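Examining the three-dimensional arrangement
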Amino acid sequence: MPTSLVLNGKNVTLDVDPNMPLLWAIRESAGLHGTKFGCGMAQCGACTVQLDGTAVRSCVLPVSAVAGKRVTTIEGIQSKPGKAVQDAWVKLQVPQCGYCQSGQIMSAAALLATVPAPSDADIDQALSGNLCRCGTYQRIRAAVHRAAELDKA
């Protein structure tokens, strides 16, 4: 049964099993490969996308749960906070291996959309579900603070 949604600002219909995890529909049906598979259990955050502006784990979210909703992936992030996060990531050279970065960025942008001047505790809580095997957490936190400054400008 086809599922219609707004994917990165465009109306799309995904002709997939409604129980298929959104991650695989995004990657296989929509051809967007920026959202990564990490653990398949919503514990690492590599698969994070935004659902109506909220960071969610797409590896356990069935396509049926997003019918008629707005899904934003790393390829479609156009919000001012999202662009500020991406700019800060580059300026502060946050990535090491880079695998987790799309999920980190999606969570950080969702945070800044609701908390424009986050504390360290806000950042730690909002990104606690995004694991970085390289351990760049200090750079990630610094980049979120920098993005908050850029977003104000």
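Scope of this entry: the structure provided in the associated data block. Note that the coordinates shown come from a computational prediction; the quantities given were computed from them, not determined experimentally.

**Some words on the packing of helix H2 (residues 80-91) against helix H5 (residues 137-152)**
Axis separation between H2 and H5 bottoms out at 8 Å; the angle between their running directions is 130°. Taken together, H2 and H5 sit at an angle that is classed as oblique. In terms of crossing hand, the pair formed by H2 and H5 is right-handed. Residues Lys80, Pro81, Ala84, Val85, Asp87, Ala88, Trp89 and Lys91 of H2 form the contact with H5, whose own contacting residues are Ile140, Ala143, Val144, Arg146, Ala147, Leu150, Asp151 and Lys152.

**Considering the pattern of salt bridges**
Across all of its chains, the model carries four salt bridges by this definition. Residue arginine 141 is joined to aspartate 120 by a salt bridge in which the shortest nitrogen-to-oxygen separation is 3.7 Å. With a gap of 21 residues between them, arginine 141 in helix H5 and aspartate 120 in helix H4 (residues 120-126) connect regions that are remote in the sequence. Under the relative-accessibility criterion, arginine 141 is labelled partly exposed at 28%. By relative accessible area, aspartate 120 is classed as partly exposed at 36%. Note that arginine 146 and glutamate 149 form a salt bridge whose closest N and O atoms lie 3.2 Å from each other. Of this pair, arginine 146 and glutamate 149 both sit in helix H5, separated by three residues, roughly a single helical turn. Among the residues examined, glutamate 149 registers a relative accessible area of 45% and is labelled partly exposed.

Thresholds applied
Residues numbered from 1 in each chain as written. Predicted model: local features only at pLDDT ≥ 70, side-chain atom pairs only at ≥ 80, totals over all residues. Heavy atoms only, no water. Axes fitted to C-alpha atoms, helices over the stretch in contact; angles between N-to-C directions. Helix = DSSP H or I, 4+ residues; strand = E, 2+ residues; numbered from the N terminus. Parallel < 35°, antiparallel > 145°, perpendicular 65-115°, else oblique. Left-handed = near helix turned anticlockwise from the far one by under 90°. Contact = heavy atoms within 4.5 Å. Salt bridge = Lys/Arg side-chain N within 4 Å of Asp/Glu carboxyl O. Buried < 20%, exposed > 50% of the residue type's maximum accessible area, 1.4 Å probe, protein only.

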